[in-house]
Structures are given as structure tokens and as C-alpha cells.
Amino acid sequence: MVNMRKLCPNLDKEGGLETVLEVPIPEEMFNKMGSNAPLRWHNMRNLMRAHHRTAADKWASTSDNHHANDQFSLLLKLVGSAFIPCQAQLGHADTKPIKDGSIEASTAKYIVQQYVAATGGVATLNAVNSMYAVGQVKMVVACEGVESGCESGGFVVWQKNPDLWYLELVVSGHKISAGSDGKMAWSQSSSNSNASRGPPRPLRRFFQGLDPRSTANLFLNTVCIGEKVVQNQDCFILKLETGSDILKAQSTPNTEIVYHTIWGYFSQRTGLLIQFEDTKLIRMKTSAGDDCVFYETTMESELRDYRLVDGINIAHTGTTTASLYRYGKTLKRKWKLEETWNIEELDFNISGLSIDYFLPPTDTTTKDNQTCL
């Protein structure tokens, strides 16, 4: 992985203090943002300020047509800021008696207990009240088997108990912001000023080895369905089917979540989660009468390079492969996106992190913006 730029020079006052970037970006991405240094800095500053179409969006669309640019923005939003439907309890690492329930459910609880021990233990995980992480990503998109070039970017994520979080992701001139204030989850891109909203849910990235406590609570009520070799390791497979009541609560009049299934692959040797997978089907009504369009999304994340941070075992590297299949009466299309990510900085129990940092954009207060995220 390349170095990350964290400072922006003062473009308004010569000799003025440099500005800390909200989202550090890789050197490779910065070098693609213009033909000379002043133009690159100008485009980057506009991008960091973007909550609507700006000069940065015009720069992002110069190499491709507008349609392809919107497609990349859609895929970036679906993959980079994906949500998990189940509201995992973030406040503490829960435990339940192993003997309660079926053999499959009891086995799953035992596996989760081993995972909690492998990632630091109940006391260590419960001592965390907030978290901050900086990472960089590389993404490759393919449509109908035809790959585009590799794009690089960076992200920053903040989390505070029990269910507050905020993400900013910047890739190839596109910026995605998403968060939860405990009452709603929302998402917004630099190419669309309208923020979409829905019920509060955790960010999928937390379950990619970044938040062991949320991961343990998510898989606590699952069943063990068998074993599989992943990354040359024998793994137990835990499966979670999202309940119909949760799916209904997160659907809208024009958008229905048909199903959302989650799997976790836990190493029998180390107890750690080494693969996280989920698949979701959404039915959307079209403007043409009773016609519907279906979106089927499958995401598979391999987690690697676990390292201790303040006594907690965190995955610092991984790869997420996502496929999106859109089909309906006439239109069928497949996309594939592969993201390689790396955690550059991570810290727990951030001093002075207030609830104000997690407030949603003002336009999320209207019901018209509600959608399935």
C-alpha cells in the first residue's frame, strides 16, 4: 500500500497553516486529480467539501461518460457503505447459556464464545466506548465481464456506543458519507445531494474484522450449518436469516427487501472470523405500472492480518468481492466490484467525541427521502 496524504496546503493564503484532510487519501489517487499540483489541490479541496455536484465531480467524469460515472457511484455506495439489516447491540459483548436451544444453535454460541476469547475477551471488549479507524482501498469494477481500471481511495470511520457511527469514503473523485444517529441510518454521495435514510443499522465494515463486539452479538443467535475450508483453514459456518419483521420494517412502499442472509466463517484453529458473507434481494417498483426490477447483491469479505490494538485483535487487511445482478422484464445486467482494503490507523476510547459528530444531513428529516439502503 502507498502513503496517505493527510494535509492540504492553504490555497487562500500563502504561507498559511495547512489543513488536516477529513479523509486521508493515497498518493496514487492524488496524482490522478489533475495535470499539475495546484489543480490537484483545488480538486481535492472541492471533493472534501462536496455534498452536491461540484468541480470535483466534473473532474471525476472526464475520463468516462456520465452513465459509467453514475454506475461507479452506485456500486461504490452499495459496497463501500453497505448496511447490515440486524441491529447488533454495540453497548456490550453479550453471552447466553450454551445449552439453550438446538444442537446447531448451542454449537454456534460456543463458537461465538471462542471468538470473543480470541479477540480479547469480554472484559476488554466491553471496556471500549468509541472507535476511530483510517484505511485505504483499491477497487476494480467489471460490467458484463469487462473490467475497468483500478481506482484507489481512503476512508475514515467513527463509532460511539451504543449505536452511533459515521463514515466518509473517497474513491476516484467520488465521496460517500453515511452514518447513524441512533434514530436513523442515512447515506449521501457527492453525485446526489439528496440523502437517503432508513432505520438505524450497523455499517457492514464493522463486521470485516473491525468491531469484534458487534460481530459477536450479531452471530450470537445463529446456527452452525457445517464446516468449510477457507484460506487453507478449517472453519465452522454460522448462518443468520434476517427475520420477516425486520425486513418489513426496513422496506418502503416502492422497495421491498425479499431476503437478507448472512454467513460467518470462523477458524477452528484460532477462533477468529476469517470470512464474512451476505446476500440480499430487493424488489423495486418501476414507473411503468406493475413492472418490478430486482437487485440481487452478494458480498464476500476475506479478513487477514489480525493484530492486537490495545488488547483487541483487529483484522488489518482484507478483500471484499461484491456482485450486483439487476434483472426484470426486459433489462438484465451484472456488475462485479473487488475492493482490497488496509487499516492504516485505529484507536479506541476517543476523548471528546460528542453526539454532534453523528448528526445526519438536514434533508434526511423528510419522509420523501426514505429508501432501502
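Refer to the structure above for everything that follows.
These figures come from a predicted structure and were not determined experimentally. (Residues numbered from 1 in each chain as written. Predicted model: local features only at pLDDT ≥ 70, side-chain atom pairs only at ≥ 80, totals over all residues. Heavy atoms only, no water.)

**Things to note about the overall build of the chain**
A count of helical and extended segments in the chain gives eight helices and 15 strands. Across the 373 residues of the chain, 53% fall into the buried class. Excluding contacts between residues fewer than 6 apart, the proportion of contacts in the chain whose partners are at least 24 apart in sequence is 61%. As displayed, the chain has an accessible area near 16900 Å², and 51% of this comes from carbon and sulfur atoms. (Helix = DSSP H or I, 4+ residues; strand = E, 2+ residues; numbered from the N terminus. Buried < 20%, exposed > 50% of the residue type's maximum accessible area, 1.4 Å probe, protein only. Contact = heavy atoms within 4.5 Å. Areas by Shrake-Rupley, 256 points an atom, 1.4 Å probe, with all protein chains shown as cover.)

**Considerations on the pairing of strand β3 (residues 130-143)**
Counting buried residues along β3, 11 of its 14 residues qualify, which places the element largely inside the surrounding structure. The sheet contact formed by β3 and strand β4 (residues 146-160) spans 13 bridges and is antiparallel. Among the inter-strand pairings, Gly-135 is bridged to a residue of β4, identified as Phe-155. Between β3 and β4, which follow one another and run antiparallel, lie two residues, and Glu-144 among them has a positive phi close to 55°. Across 13 bridges, β3 lies against strand β15 (residues 332-348) in antiparallel orientation. Looking at the pairing, Gln-136 lines up with Asn-342 of β15. (Pairing = 2+ DSSP bridges.)

**Details of the pairing of β4**
In this sheet, strand β5 (residues 164-171) lies alongside β4 in antiparallel orientation, the contact comprising eight bridges. The residue of β5 that forms the bridge with Trp-158 is Tyr-166.

**Remarks on helix α5 (residues 103-119)**
Counted at 1.5 Å a residue, the expected span for α5 with its 17 residues is 24 Å, and the 24 Å between its end C-alpha atoms agrees. Within the sequence span of α5, burial applies to Ala-105, Ser-106, Ala-108, Lys-109, Ile-111, Val-112, Tyr-115, Val-116 and Thr-119. Where α5 ends, the next residue or the one after it, Gly-120, has phi of about 140°, a positive value. (Expected span 1.5 Å × (residues − 1).)

**Here's the deal with the nonpolar core**
Ranked by size, the top nonpolar core spans 61 residues in total, and within it Leu-210 and Leu-218 carry the most contacts. Ranked by residue count, the leading element in this core is β15, at six residues. Of all hydrophobic cores here, the second largest spans 15 residues; its members include Met-29, Tyr-132, Leu-164 and Tyr-166. (Core = buried A, V, L, I, M, F, W, Y, C linked by side-chain atoms within 4.5 Å.)

**Comments concerning the pattern of salt bridges**
Taken as a whole and judged by the stated rule, the model has seven salt bridges. Across the salt bridge formed by Arg-283 and Glu-256, the nearest N and O atoms sit 2.2 Å from each other. A residue pair is termed long-range when its members are at least 10 positions apart, and Arg-283 in strand β12 (residues 273-285) and Glu-256 in strand β11 (residues 255-267) qualify at 27 residues. Looking at Glu-256, the relative accessible area reads 35%, which means it is partly exposed. (Salt bridge = Lys/Arg side-chain N within 4 Å of Asp/Glu carboxyl O.)

**Some remarks on the packing of aromatic side chains**
For the structure on display, the rule yields 13 aromatic pairs. An angle of 85° between the planes, with centres 6.0 Å apart, marks the rings of Phe-219 and Phe-276 as edge-to-face. One end of the pair, Phe-219, is in the loop between α7 (212-218) and β9 (223-230); the other, Phe-276, is in strand β12, and 57 residues separate them in sequence. In terms of burial, Phe-219 and Phe-276 fall into one category: buried. Relative to Tyr-327, the ring of Tyr-325 has its centre 4.9 Å away and its plane inclined at 35°; by these criteria the two rings are tilted. (Phe/Tyr/Trp six-rings, centres within 6.5 Å; stacked < 30°, edge-to-face > 60°.)

**Brief notes about the side chain of Gln-136**
Residue placement: Gln-136 occurs in strand β3. What makes Gln-136 buried here is its relative accessible area of 1%. In this structure the side chain of Gln-136 is engaged in a polar contact, spanning 2.7 Å, whose partner is the side chain of Glu-344. (Polar contact = N/O pair within 3.5 Å; in protein donor to acceptor, adjacent residues only side chain to side chain.)

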